[in-house]
Every structure is written in structure tokens, then in C-alpha cells.
Amino acid sequence: MIDVDVARQVGGFNLKVAFSNADGITALFGRSGSGKSLTIGLIGGLDRPDRGRVILDGRTLVDTQKRIFVPAYRRRIGIVFQDSRLFPHLGVRQNLLFGRWFAPRAARAISFDGVVGTLGIGHLLGRAPAKLSGGERQRVAIGRALLSCPKLLLLDEPLAALDAQRRSEILPLIERLRDEFKIPIVYVSHDIEEVSRLASRVVVLERGQVVAIGDPAEVLPMAFAEDARTERASVLAMRVGARDEAYGLTELVHPAGAIWLAGAHGAPGTRLYVVVKATDVTLSTVPPEGLSIQGALKGRLAEVEALGPLAVAHISLDGDGTLLAMTTRRALDRLGVKPGQAIFALVKTAALDERFVGGA
Amino acid sequence: MQDFLGPDDWTAVFLSLRIAIVALAGSLPFGILVAYALARWHFPGKTLVTALVYLPLVIPPVVTGYMLLIAFGRRGIFGQALADLGIVLSFRWTGAALACAIMGFPLMVRAIRLSFEAIDPNLEKAASSLGANPFFRFFLVSLPLALPGIVVGATLSFARALGEFGATITFVSNIPGETQTISTLIYTYTQEPGGDASALRLTLVSLAIAFIAIIASEIIQARGEKRLAGGG
């Protein structure tokens with residue numbers, strides 16, 4: 001377990017971050033410039049905090065009061081950077097094995113073949129990094145960090161430089177790493193989809209400060225409540241219900257109703273997080289009939305937030321959770337719903353693909 | 001070929017090569033170290049060190065030679081102590097190698113420093129996160145990546161050594177068989193009546209050596225770059 005409590009000032013930017021991780025993936029979530037990468041540098045030993053402590057599995061890596069600073073190369077913390085940073089003068093195999101030489105013999109529990117197999121990079125071993133695509137490069141970088149047999153893996157926006165398709169190829173790999181190699185991971189991202197899918201715990205950073213820590217379903221909506229961007233989304237905790245094999249759909253159940261999702265999404269009863277973009281929600285004062293939209297969630301209008309000609313309706317769903325819906329201000333006015341009144345939120349199923357869903 | 005140059009000429013050619021190679025071999029490790037320190041480290045007095053390293057580039061070679069004589073002459077500041085240890089540099093070919101090494105040092109350091117500076121420091125950080133201590137980081141990452149610059153720096157220093165005249169002749173004179181190099185022998189020929197033909201032949205040899213050195217360096221460099229681009 002990593003226990004972090006650090007402060008660092010860089011120019012006019014003040015970072016003050018304290019959190020500890022749990023098993024599985026802990027996400028550091030926040031917009032760019034919120035101090036995520038700086039925090040990774042402080043944990044990994046690439047940067048020194050002005051004040052604070054970093055403790056990994058009971059071993060003090062940094063304690064400014066006791067004047068302890070363990071250099072990065074003795075921390076046994078693997079880092080995967082956004083820009084992969086493969087050594088250009090070495091081949092893929094040599095890159096993968098680089099960290100292995102430095103890992104204590106007894107700690108080399110992770111097998112080369114296992115990592116190569118899981119990441120699907122066997123056919124790349126003889127190549128030079130310059131000849132790899134972005135996605136391949138990032139898979140090799142993940143393998144290289146894993147093969148150094150770290151006690152903690154830091155992934156610093158590993159998918160940010162990739163297009164949506166590469167991203168959807170690598171995301172499941174990271175899930176498999178989490179499950180197969182049992183190395184705790186701190187995952188930095190500003191992408192709500194990645195975080196809700198991967199993380200069991202989220203630390204939300206804003207302007208160098210921790211604003212929330214906890215369960216993704218609890219914390220991510222809070223992170224978004226702070227968000228002034230026009231792209232808004234909500235995270236709903238749901239359960240897998242029935243499956244419609246004939247149409248290839250899965251029912252996701254919420255106390256406020258159910259929505260149908262394309263594809264198979266785990267055994268019935270599995271808890272899932274679904275990210276619903278505010279622009280994919282339609283509002284109605286009556287239960288839906290004769291519409292192509294199949295999923296309706298019942299709730300009450302909590303508040304309306306005006307964004308120029310647009311408005312974001314915050315809907316308290318029956319049971320639990322808040323759903324955001326974006327419409328024009330005029331449409332909302334014509335609907336004539338006042339805060340506190342019942343409302344149906346219609347979620348367009350086709351807008352939710354599996355990347356919008358995360359396991360809990 | 002044997003007749004193309006006289007025995008004195010051949011002696012001077014081989015001596016020049018020996019001096020240049022020894023100067024290069026002796027100064028290269030220091031050149032790499034200084035270049036790395038200047039490229040990567042921040043330390044007090046860095047500007048002074050930089051100035052000292054580049055000094056031979058801007059002061060007249062004769063002045064460098066004379067300062068070497070003051071320092072390493074038999075009665076020089078270090079010369080006396082070294083003489084007690086049995087090491088004499090003045091008026092010896094080893095002294096010529098020292099003079100050549102010093103004259104070529106700025107060119108060598110400059111090329112290698114640029115090469116180190118061009119390496120993404122993030123690669124060294126990545127190596128660090130993988131468990132490589134500073135020693136391994138240097139030898140497994142920085143040094144191989146700086147290889148093209150090291151080849152350029154070595155070539156420049158080698159060429160400078162072959163062409164070195166002022167500092168050499170001032171510090172170790174122009175003694176046939178001991179310190180008479182291609183450059184100083186060409187100078188000697190031009191001072192003699194009828195020496196023009198011999199001077200021209202040596203000039204051609206000098207050109208040929210320089211040409212081979214440059215081509216060899218280009219080939220090594222191209223190979224290195226091809227490797228980095230993923231061709232090899």
C-alpha cells in the first residue's frame with residue numbers, strides 16, 4: 001500500500017496531496033494542470049517534495065522531516081509515461097528486459113512470457129521502438145514497467161496519446177494486468193470513462209488539491225459538478241439484470257428504472273458504473289411510449305443550471321444518484337417542470353457503448 | 001609507395017598518427033565526462049569550467065604551447081614533480097600528444113555536449129524508474145545515445161591533432177624522429193631550398209588521412225542513426 005502526503009510548490013502552483021491507495025487501481029483524476037503528473041513524479045522519486053512523506057508497504061521512501069529520500073532507482077516503483085519513453089537504441093526485447101536486470105532475483109515473480117502473452121507483443125520482440133505504432137509502443141512500455149517487478153505501478157495517462165480505437169484495445173489489457181499480476185496501480189487520467197471503468201477508488205485533484213476521495217460512483221459526479229465545461233456527464237451505479245440474447249442487449253437496473261445496453265456486460269447482479277453524457281439524456285414529464293428510446297429513469301428535478309442558451313437539469317433519481325441532462329433552456333421552460341417535480345429521463349442506449357461502462 | 005615518401009617522411013607520418021591516436025585515446029574519456037557534466041549537471045563555477053575548456057579554441061596556439069612549457073617543462077610547475085617520477089613531456093612525443101589533446105579538447109567537448117543535450121532527459125528518468133542507478137543510466141542509456149556526437153567529437157579532435165602546429169612546435173619543438181609531425185615537417189620543407197616537392201607530397205598524405213578519418217566517421221554515424229531510426 002502506498003501512503004502519500006506531500007506538498008510541493010512549483011512557480012505559483014501549490015500542490016498538496018494526501019491519499020492512500022487500495023488494492024486494484026486507484027485513479028488520480030483531474031483536468032490537465034491539476035497536479036496529477038507532478039504527484040506521480042513525487043511518488044516515483046523523479047521529483048522531491050518540499051514537505052511530506054511517501055510510504056510504500058511500510059517502507060519510508062520520503063520523509064522530509066527525517067531527511068529521508070530514496071532515489072527513484074531504489075524505490076521499485078514502475079512508471080508508464082504518456083509518451084512511452086522506450087529506449088530508442090534498444091530493441092523491443094531489450095527494452096522489456098531493461099528493468100529486469102535491476103530487480104532483485106528473488107522478486108522476479110513476473111514471467112517474461114506471461115507479460116508478453118498478456119500484452120500480445122510477442123510478434124514485436126525483434127523490432128526497434130521507432131518501428132512501432134503508438135498503441136504497440138504503449139503496450140511495450142507497460143510490459144517494461146511490469147517486468148521490473150515493481151511493488152507499485154504508476155500509469156501516467158498511458159492512453160492519452162492514443163486514438164479511441166487503440167484506447168479500447170488497451171483498456172481491457174490494463175484490466176487484465178490488474179487482475180492477473182496483482183500489482184497495485186495508481187492510474188492518472190482526465191478521462192472519466194477510463195477512470196470509471198478501471199478504478200476501484202478515485203482521488204480527485206483540482207488545482208493541486210485533493211477535492212474528493214472515494215468510490216468512483218460517489219466521487220466522479222462530484223468532480224463533474226465542479227466542471228464548467230459544456231461536456232457534462234454523470235456516473236450511475238447500476239446492476240446487471242436480464243439479458244436479451246436475441247437482440248444482444250443487457251438490462252441495467254437502477255432503483256429509478258432500467259436501461260438496455262448493447263452487448264454482454266457480466267453476470268446478472270454484477271455492479272457496474274455507467275457514464276451517461278448529459279447530451280444523451282432526453283427529458284419527459286410522462287413515461288415514454290412510442291419512442292425508440294427504451295430506457296427511462298424516474299426522478300425529481302433538483303436544480304437547473306443555465307449555460308447560455310443551454311441548461312443542465314440535475315435530476316435526483318429515485319433511490320440513489322444524480323443524472324445530468326442537457327437541453328436548451330427554452331425546451332426546459334416549455335416542459336414546465338419545477339424543481340421537486342417528477343420527471344423521466346430517457347437515455348439513448350446506442351449512445352452507451354461498452355467503453356462507457358466500468359466494473360466495480 | 002615506398003619511394004613516394006622518404007624515410008624521414010614516413011617517420012613523421014607514423015609519429016603524427018601515433019600522437020593523434022594517443023591524444024584522442026587519452027582525452028576522450030575526460031572529454032565525455034566533461035561534456036556530460038556540462039550538459040546535465042548544475043554546479044557552482046560551471047561558467048568558469050566552460051571557459052577553461054573552450055580557452056584553447058580562442059587563445060593563440062603558441063600561447064597554449066608556451067603555457068604548457070611553463071607548466072610541464074623540466075623546471076616547470078608540474079614538470080619537475082613529473083620528472084622525479086620519470087615522466088618527461090617537454091621535447092618528447094608524449095608532450096606533443098598532450099598539446100594535441102588540449103588543442104582538440106574544446107572541439108571534442110562541444111560536439112559531445114551537444115549530443116548529450118539532445119537526449120531527452122525523460123529517457124534517463126525512465127531508466128531510473130526501472131531501477132538503473134546513475135552509473136548504469138550513463139552507460140546503458142546516455143552514452144549509447146550520444147554515440148553519434150562522440151564520433152563527431154573524436155573525429156574533430158583527431159583531425160585537430162594531425163593539424164596541430166603552434167602549440168606543438170612551441171612545447172616540444174621539431175625534433176626528427178621524436179616530435180617532428182607531418183605539419184612541422186611540411187613547415188621544415190618549405191624553409192629549405194628545393195623542399196617544395198616533398199612538402200606537396202606530405203600535404204597529399206595529410207589530405208588523404210583527413211579524408212579517410214571524415215569518411216570513417218560519417219559511416220559510423222550513419223550506422224548509428226540508422227539504428228536509432230529502427231533500420232538495424
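Bear in mind the structure is a predicted one, so any value in this text is a computation, not a measurement. (Residues numbered from 1 in each chain as written. Chains lettered and ligands numbered in written order. Predicted model: local features only at pLDDT ≥ 70, side-chain atom pairs only at ≥ 80, totals over all residues.)

Thoughts on the overall build of chain A
Logical step 1: Helix and strand counts for chain A stand at eight helices and 21 strands.
Logical step 2: In summary, chain A has a C-alpha radius of gyration of 22 Å against a globular reference of 21 Å for 360 residues, a match within 12%.
Logical step 3: Taking all 360 residues of chain A together, 44% fall into the buried category. (Helix = DSSP H or I, 4+ residues; strand = E, 2+ residues; numbered from the N terminus. Rg over C-alpha atoms; globule rule 2.2 N^0.38 Å. Buried ≥ 20, exposed ≤ 12 C-beta atoms within 10 Å, placed from the backbone.)

Points about the environment of A264(A)
All names here are of chain A.
Logical step 1: Within the secondary structure, A264 sits in the loop between β14 (257-262) and β15 (271-277).
Logical step 2: Judged by the 13 C-beta atoms lying within 10 Å of it, A264 is partly exposed.
Logical step 3: Apart from the residues lying within four places of it in its own chain, the contact partners of A264 are R243 and T250. (Contact = placed C-beta atoms within 7 Å.)

Things to note about helix α1 (residues 7-40) of chain B
Logical step 1: In this model α1(B) runs 48 Å from its N-terminal to its C-terminal C-alpha over 34 residues, within 8% of the 50 Å that 1.5 Å per residue would give.
Logical step 2: A maximum bend of about 40 degrees is found in α1(B) at S27(B), where proline P29(B) lies one to four positions downstream. (Expected span 1.5 Å × (residues − 1). Bend = angle between axes of the 7 residues up to and from the residue.)

A closer look at the nonpolar core
Logical step 1: Membership of the largest hydrophobic core comes to 153 residues, with the highest contact counts inside it found for A27(A), L323(A), A345(A), A99(B) and C100(B).
Logical step 2: Broken down by element, the residue count for this core peaks at 16 residues, all from helix α5 (residues 93-117) of chain B.
Logical step 3: Both domains that furnish three or more residues to this core are identified here as domain 1 (2-225) and domain 2 (233-359) of chain A.
Logical step 4: If we skip the residues at most four places from it in the chain, A27(A) touches Y187(A), S189(A), V195(A), L198(A), A199(A), V202(A) and V203(A). (Core = buried A, V, L, I, M, F, W, Y, C linked by C-beta atoms within 7 Å. Domains from an automatic or database assignment.)

Concerning the interface of chain B and chain A
Logical step 1: In this assembly, 17 residues from chain B lie in contact with 22 residues from chain A.
Logical step 2: If you tally residues by element for the side of chain B that touches chain A, the top one is helix α6 (residues 121-129) of chain B, at six residues.
Logical step 3: Partitioned by chemical class, the residues of the side of chain B that touches chain A number nine nonpolar, six polar and two charged. (Nonpolar A, V, L, I, M, F, W, Y, C, P; charged D, E, K, R; others polar.)

Re the domain arrangement of chain A
Logical step 1: Structurally, chain A comprises domain 1 (2-225) and domain 2 (233-359).
Logical step 2: Centre-to-centre separation of domain 1 of chain A and domain 2 of chain A, based on C-alpha positions: 33 Å.

Side note on helix α3 (residues 61-72) of chain B
All names here are of chain B.
Logical step 1: Helix length check: α3, at 12 residues, gives a terminal C-alpha distance of 16 Å against a target of 16 Å (1.5 Å per residue), a fit within 8%.
Logical step 2: Listed in full, the buried residues belonging to α3 are T64, G65, L68, L69 and F72. Projected down its long axis, α3 carries its buried residues within an arc of 145 degrees, all on one side.
Logical step 3: Against the buried residues of α3 lie α2 (46-58), α4 (79-84), α5 and α9 (166-172). (Arc of directions from axis to C-beta.)

Let's talk about the packing of α3(B) against α5(B)
Each pair of packed helices can be summarised by the angle the axes make with each other and by the distance between the axes.
Residues and elements named next belong to chain B.
Logical step 1: Contact geometry for α3 and α5: axes closest at 11 Å, N-to-C directions at 130 degrees. When the axis of α3 is compared with that of α5, the two are oblique. Our pair here, α3 against α5, has a crossing hand that is right-handed. Within the contact between the two elements, α3 uses P61, T64, G65, L68 and F72 and α5 uses G95, L98, A99, I102 and M103.
Logical step 2: A class-by-class count of the residues in the contact of α3 with α5 yields seven nonpolar, three polar and no charged. (Axes fitted to C-alpha atoms, helices over the stretch in contact; angles between N-to-C directions. Parallel < 35°, antiparallel > 145°, perpendicular 65-115°, else oblique. Left-handed = near helix turned anticlockwise from the far one by under 90°.)

Some points on the packing of α5(B) against helix α8 (residues 147-163) of chain B
Residues and elements named next belong to chain B.
Logical step 1: Contact geometry for α5 and α8: axes closest at 8 Å, N-to-C directions at 160 degrees. In terms of orientation, α5 lies roughly antiparallel with respect to α8. Considering only the axes of α5 and α8, their crossing is right-handed. Of α8, the residues touching α5 (which contributes C100, M103, G104, L107, M108, A111, I112, L114 and S115) are P148, G149, I150, V152, G153, A154, L156, S157, R160 and A161.
Logical step 2: A per-class count over the contact of α5 with α8 returns 13 nonpolar, five polar and one charged.

Remarks on the pairing of β15(A)
Residues and elements named next belong to chain A.
Logical step 1: Taken across its seven residues, β15 has six buried, putting it largely inside the fold.
Logical step 2: Here strand β12 (residues 233-244) pairs with β15 via seven bridges, running antiparallel. Its bridge partner lying in β15, L236 is registered against V274. (Pairing = 2+ DSSP bridges.)

Topic: unusual backbone geometry
Logical step 1: A positive phi angle is found at R207(A), which is not glycine, with a value near 45 degrees.
Logical step 2: Relative to the elements of secondary structure, R207(A) occurs in the loop between β10 (201-206) and β11 (209-214).
Logical step 3: Positive phi is not limited to glycine here, since F91(B) has a value of about 60 degrees.
Logical step 4: Mapped onto the elements, F91(B) comes out in the loop between α4 and α5.

What about the environment of A212(A)?
All names here are of chain A.
Logical step 1: When you line up the elements, A212 lands in strand β11.
Logical step 2: The exposure class of A212 is partly exposed, given the 18 C-beta atoms found within 10 Å.
Logical step 3: The spatial distance from the C-alpha of A212 to the C-alpha of G269 is 28 Å, given a sequence separation of 57 residues.

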